[in-house]
Structures are given as C-alpha cells and as structure tokens.
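Now for the letters of each chain:
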Amino acid sequence: MSDLYDIIIIGGGINGCSLARQAAEQGFRVALLEKDDFGAGVTSRSTRLIHGGLRYLESFQFGVVKESLHDRRAWLEEFPGIVDPQPFVIPVYKEDSRPAWYIYTGLKLYGMLSRDAELGTCQRISAGEVEHLEPGLDRKNLKAAFRYFDCQATYPEKLCVEMALRTETAGGTVRNHTPVTGFLREGSRVVGVKCGDEEFRGKLVVNAAGAWVDEVRTLLSPENKSHPVLSRLNGAHIIARPFPGAPQNAVYHEARSDKRPFFIVPWRRLYLIGTTETPYDGDPDRVMPTEPEIDYLLSEFDQLFPHTTLKREDLCYAYAGSRPLVRANSSNMNKASRGHGVYDHEAEEGIPGLLSMVGGKLTTARSFAAETMTAAATKLGIPNPGPLAIAPGRSYTADDRLAELYGGRAREIDLLIEQDPDTMMKPAAPGAPATVAEVLYSVQREKARTLGDILLRRTGLAYEADYDSDWPQAIAETVAGPLQWDSSATAQAVADFESELERTLIRL
Ligand SMILES: Cc1cc2nc3c(=O)[nH]c(=O)nc-3n(C[C@H](O)[C@H](O)[C@H](O)COP(=O)(O)OP(=O)(O)OC[C@H]3O[C@@H](n4cnc5c(N)ncnc54)[C@H](O)[C@@H]3O)c2cc1C
C-alpha cells in the first residue's frame, strides 16, 4: 500500500514549489513531482524581476499591486542574496504615450502602496544627471527621468530549489526528473497520479504545470486539448557582455516600435535585454528565440541607447519562454483578473480531486500558493490554514556570486571547503568560476541529477559569458562517483547535456 498524501503537486516551477513548501510547512503530507528539474520550465526563462506590477495601476488594480508589493517584500526578506533590490530608471521622451507627470504620479502611488521604507522611494532625475548616471541613454527629446526600486531574483531557479528543499525538510516527498504520465481515477474522482510504473495516491492533486497545464489536462481526457484554459505568449531575451555605455541601473521604457514594455537589466555582470510577446500554441518544450525577435530587441536597444557600442558580436546568447496566461474565456476561475486563477475541475468538468493553478508570475507565487491552499482546504474539508508568515532568511556577504546563487546557504559551501580545501577550492573545470565544492554540493544537497541541473540550474555555469564547452566533461568526471555513473553513463550524461543546452540557449 503506497502512502496517502494530502496534496500531490504536479510541476516544480515557482508556483508548484511555493505551494509545496507552504503545504508541507503547514503540516500537510505533500508530494511534489517535477518532470524535469525544479525551475527548469518558464521560471528559468523569465526577466527575473520581482516587481509590484507598476502597470496594473493604470487599470486601478490597487489591490493586485499591494499584494504583489507584499510578496516582493516577503521574497526579499526570506531569500536575501537570491533576491535583491534593483534600482530602475524610467526615461520619459516627448513622443512617449505616457507623460512625465503621469509616470511620476504612478511611481509615487507605487511607493505609497508598498509602505516600504527601503524600496518605496522615487526620485526625479534632471537631464544633466541622466547624462552622468546613464551616459549611453538617448537624450534627444528627453523630458524627464525617474529612479525607483523593484527587485531582482538573480536565480529564480534557486528559489525553486530552496522551496523544494524546505518542503522536504518539513516532511514532504520531493522528486525531480519524475514526469506525471497519467491520473489514477475512482469513478470520476482523481485519486492520484502515475509516473510510469510508480503510483502516488492523494486526497487532492494540484496541476501546477505552468505552460504545460493544458498538456497535463489532456492526460485526463484527450478532449481537453480542444478546450484549453491557457493561452501562451512567448518572450525572448538577448544577453550581452559588458560594453561601453552599458546601464548601471535597470532601464524600463516602452518599445519605440510597438509601445510594449522593454527592459535592460544588469544581470550577473552581464545585461539582460527583453522582451518580446509572440502568441504561441506549439509545444512548450520547444520554445526558442527567433531571428526576428533577436533583431527586434537589438533594434529597440539601439534606439534607446544610441551612445553605446553594443553590437551583435557583444551578445553571448538568447533564451525564450512561454508565459502561461489565463485564457480570456475561462470561466469559474477565481481571481483570474490577477493574472492567475485556481481552476476547479469538479465545478467545471465534474471531476473531483483535482485543481489547476493557471497563469501567475514569479512575484506573486506566494500569494497564488496561499489562494490555492484556501481552495485546497475547502476541498479537503478542513479550516483554511491562511498564508505563511514571512520567515526572514540570513544574508551572506562574503562573495557576491555565492550569495546570489545560494543566499544564506552559501555558508554550507564554505563548510565543505573548510573540510578539504585542497580538493574543494579547485575550479569545477579549468577557467570555471564555480568550485568543486559547489558541484559536489549540488549533488549531495540540492538534488541535482544531471549535468543540466548542475550547469544550468545550480551553479549557473552554462550562463557564463565565457562558458567553455569542455566544462561539462570535467564536471561529469567529478560527479560520476557520487552519481554512480560508469564511463558510458558519463558519456551519455555529457551528450544529454549538450542536447539540453541546445534546447535552452542559442549561442550568438
Ligand atoms: C519572457 C518572460 C518573462 C517573464 N518575466 C517575469 C518577471 O520578470 N517577473 C515575474 O514575476 N514573472 C515573469 N514571467 C512570468 C513567470 O516566469 C511565470 O509566470 C512563472 O515562472 C510560471 O511559473 P510556473 O511554476 O507556473 O511554471 P513553470 O516554471 O513552467 O513550472 C511548471 C513546471 O511543470 C513541469 N511539468 C510540466 N508537465 C509535467 C508533468 N507531466 N509532470 C511533472 N511536471 C511537469 C515543467 O517541467 C515545469 O518545470 C515571465 C515569463 C516569461 C515567459
């Protein structure tokens, strides 16, 4: 007889991991099942900003902004280092669709709603100061500029890992590389899931499969394919090496060609430039940046930053992801106006035992988890446990790179190094900024099972500007022992990683 879980969660992105962590810490028996790796889905393809949703003010959604700002503060306090304050500059030009007074009023309101002494400030910057602060920025027809704060999650993948580990610490079952392949049914009721030959039984299943929510729904019934609850909008980013005139702050402006939001964000000593919005109804596993998207981003950058020398040769790579959006005609989805909603399969399709988390952003994953727990409690016939209290995390200041990847957990890497400095301090591969300690830690403590887990989502090595294609082999040799890979498994792991890398980044 297998364990009976209270809640089985399908999908280990930011939403599934937030829900798993909350449910486990509130005493529920939880299983979190991820087909690939924690954060490997859309979560790792985002602009990596934790923001209050300044744009929602235009549609008077003050409650949504307040909630997002509350979540922003919670992320910052719980995961210092992985989430950090990020100063932004908004330049305003004569031809822009929103005048300077309008932006200023919005920013003031944004600060007030945040009630955040650290992040709630905003300043107007004179043209002279702009020239000094952001010398690369276009100054023709510049009417004003404003500086304010949001936050950056340098590695939202690591937020997922952190929450998966917390779920486990609280007694949950947490599995990556475990695709859900079908549902267990008793009559119309969902009573669990199948992962190949393995079965997980539970009182409630939550489909938190992000951009794959409809693919998971089709495991219930192929007919669901023609009644999607999601629409998908692809977004691409290009990543540039440092270049003369590069911004010191993140810069947020409307794209000149189509007025869509456009960002240039300093990220890991590189620059993230995005994003596009391309409707998509293809396979969410096959989302890659297209040439027109790369051209669009470069052209928008050139117009906004004419006093810089960024050329295509300065770009390292590009990546893309598919935003999971609540489909406009989806009914019975509470809170859909917030950009996310809980889809109740019992109310919609007569299938008890199953909820789906539809849509959502990185920023609001905490609130979305709390809303889903409220719906789950009703289904389980128990009192609503309410949201989790913020549990402030410890910061780590000894090394920027370690702090942004591991937050307070970086001390555990230091301890590993202290135990055997000669081995652990060595670079993970010649020229790599990570140490052997990090690589072994990823396998021993962070549930890394593949080279993709290690190079893309634990150490970030595959995102380095100077990434070297010899690194995977060297790292494979280091982890072959702990992962019990013989020589043929090691060669296969390197080949699998190369193919994963090709599906993840386009090197430019
Ligand atoms: C270009 C772009 C920029 C963005 N920028 C921001 C931003 O700056 N700030 C912000 O707040 N939000 C941003 N977002 C939105 C945000 O990234 C997503 O809404 C969020 O990451 C969705 O998280 P998720 O957990 O729902 O989905 P995912 O991260 O995709 O997680 C779903 C998981 O389910 C797994 N899965 C699928 N099928 C199965 C199965 N059968 N069995 C088991 N597991 C399965 C997948 O492997 C995946 O890991 C952006 C999105 C895009 C595309």
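All of these numbers come straight from a predicted model, not from anything done at the bench.

**A look at the site of the ligand**
Alright, step 1. Surveying the vicinity of the ligand reveals 36 residues, the closest of which are Glu34, Thr43, Leu49, Gly360 and Thr363.
Alright, step 2. At 2.7 Å from an oxygen atom of the ligand is found a side-chain nitrogen or oxygen belonging to Glu34.
Alright, step 3. Coverage of the ligand by the protein chains reaches 95% of its 1,000 Å² of free accessible surface.
Alright, step 4. When residues of the shell around the ligand are traced back to their parent elements, those giving at least two are helix 1 (14-25), strand 11 (230-240) and strand 16 (315-326).
Alright, step 5. Broken down by element, the residue count for the shell around the ligand peaks at 4 residues, all from strand 16.
Alright, step 6. Here the residues of the shell around the ligand sort into 13 nonpolar, 17 polar and 6 charged.

**Focus: the environment of Gly12**
Alright, step 1. Tracing the backbone shows Gly12 in the loop between strand 1 (4-10) and helix 1.
Alright, step 2. You can call Gly12 buried: its relative accessible area is 0%.
Alright, step 3. Here Gly12 is in contact with Cys17, Leu32, Leu33, Glu34, Asp37, Phe38, Gly39 and Cys160, once residues within four sequence places are set aside.

**So, the side chain of Glu78**
Alright, step 1. Assignment of secondary structure puts Glu78 in helix 2 (residues 62-78).
Alright, step 2. Engagement of the side chain of Glu78 in a polar contact is seen with the side chain of Arg21, the distance being 2.8 Å.
Alright, step 3. Here Arg366 takes part through its side chain, which lies 3.1 Å from a polar atom of the side chain of Glu78.
Alright, step 4. Apart from the residues within four sequence positions on either side, Glu78 is in contact with Arg21, Arg166, Arg366, Ala389, Ile390, Ala391, Pro392 and Gly393.

**Points about the domain arrangement of the protein**
Alright, step 1. On domain assignment, one finds that the protein holds domain 1 (4-43 + 157-228 + 328-380), domain 2 (61-152 + 231-324) and domain 3 (400-507).
Alright, step 2. Between domain 2 and domain 3, the C-alpha centre-to-centre distance is 30 Å.
Alright, step 3. At the interface, 16 residues of domain 2 touch 20 residues of domain 3.
Alright, step 4. Between domain 2 and domain 3, the buried area comes to about 1,400 Å², and carbon and sulfur atoms account for 53% of it.
Alright, step 5. If you sort the residues of domain 2 by the area they bury against domain 3, Arg268, Met288 and Tyr317 come out on top, with a joint share of 39%.
Alright, step 6. The tally of links between domain 2 and domain 3 comes to 4 salt bridges.
Alright, step 7. Ionic pairing is found between Glu404 and Arg269, a salt bridge with its closest N-O pair at 2.8 Å.
Alright, step 8. If you look at where domain 2 meets domain 3, you find 5 residue pairs in polar contact (both at pLDDT 80 or more).
Alright, step 9. Ranked by residue count, the leading element in the side of domain 2 that touches domain 3 is strand 16, at 4 residues.
Alright, step 10. Class assignment for the residues of the side of domain 2 that touches domain 3 results in 11 nonpolar, 1 polar and 4 charged.

**A look at the pattern of salt bridges**
Alright, step 1. Within the structure shown, the criterion is met by 41 salt bridges.
Alright, step 2. A salt bridge links Asp344 to Lys379; its shortest N-O distance comes to 3.0 Å. With Asp344 in strand 18 (residues 340-344) and Lys379 in helix 9 (residues 365-380), the pair connects residues that are 35 residues apart, well separated along the chain.
Alright, step 3. Since its relative accessible area comes to 32%, Lys379 is described here as partly exposed.
Alright, step 4. One continuous salt-bridge network, built from bridges that share partners, spans Asp37, Asp453, Arg457, Arg458 and Glu500.

**Remarks on helix 6 (residues 213-220)**
Alright, step 1. Buried within helix 6 we find Val213, Asp214, Val216, Arg217 and Leu220. The arc that holds every buried residue of helix 6, seen down its axis, measures 155°, which confines them to one face.

**Quick word on the packing of helix 15 (residues 471-480) against helix 16 (residues 487-504)**
Alright, step 1. It is the contact of helix 15 with helix 16, at a shortest axis distance of 10 Å, that shows an interaxial angle of 135°. Taken as axis vectors, helix 15 and helix 16 run oblique relative to one another. The crossing of helix 15 and helix 16 is right-handed. Here Pro472, Gln473, Ala476 and Ala480 of helix 15 come into contact with helix 16, specifically with Thr490, Val494 and Phe497.
Alright, step 2. Residue composition of the contact of helix 15 with helix 16, by class: 5 nonpolar, 2 polar and no charged.

**A closer look at the packing of helix 14 (residues 451-458) against helix 15**
Alright, step 1. One can describe the packing of helix 14 onto helix 15 by two numbers: an axis separation of 10 Å at closest approach and a directional angle of 115°. As for how helix 14 packs across helix 15, the hand of that crossing is right-handed. Side by side, helix 14 and helix 15 meet where Leu451, Ile454 and Leu455 of the first sit next to Trp471, Pro472, Ile475, Ala476 and Val479 of the second.
Alright, step 2. Considering only residue class, the contact of helix 14 with helix 15 consists of 8 nonpolar, no polar and no charged.

**Here's the deal with the nonpolar core**
Alright, step 1. Counting 71 residues, the largest nonpolar core has Tyr148, Leu451, Leu455 and Ile475 as the members making the most contacts within it.
Alright, step 2. Residue contributions to this core reach at least three from each of two domains, namely domain 2 (61-152 + 231-324) and domain 3 (400-507).
Alright, step 3. Contact partners of Tyr148, with chain neighbours within four places excluded, come to Leu54, Gln86, Pro87, Phe88, Ile90, Leu107, Tyr110, Thr121, Cys122 and Tyr252.
Alright, step 4. Counting residues in hydrophobic clusters, the runner-up holds 42 residues, among them Leu19, Phe28, Val161 and Val206.

Conventions and cut-offs
- Residues numbered from 1 in each chain as written.
- Predicted model: local features only at pLDDT ≥ 70, side-chain atom pairs only at ≥ 80, totals over all residues.
- Heavy atoms only, no water.
- Near = heavy atom within 4 Å.
- Polar contact = N/O pair within 3.5 Å; in protein donor to acceptor, adjacent residues only side chain to side chain.
- Areas by Shrake-Rupley, 256 points an atom, 1.4 Å probe, with all protein chains shown as cover.
- Helix = DSSP H or I, 4+ residues; strand = E, 2+ residues; numbered from the N terminus.
- Nonpolar A, V, L, I, M, F, W, Y, C, P; charged D, E, K, R; others polar.
- Buried < 20%, exposed > 50% of the residue type's maximum accessible area, 1.4 Å probe, protein only.
- Contact = heavy atoms within 4.5 Å.
- Domains from an automatic or database assignment.
- Buried area = accessible area lost by both parts, 1.4 Å probe.
- Salt bridge = Lys/Arg side-chain N within 4 Å of Asp/Glu carboxyl O.
- Arc of directions from axis to C-beta.
- Axes fitted to C-alpha atoms, helices over the stretch in contact; angles between N-to-C directions.
- Parallel < 35°, antiparallel > 145°, perpendicular 65-115°, else oblique.
- Left-handed = near helix turned anticlockwise from the far one by under 90°.
- Core = buried A, V, L, I, M, F, W, Y, C linked by side-chain atoms within 4.5 Å.

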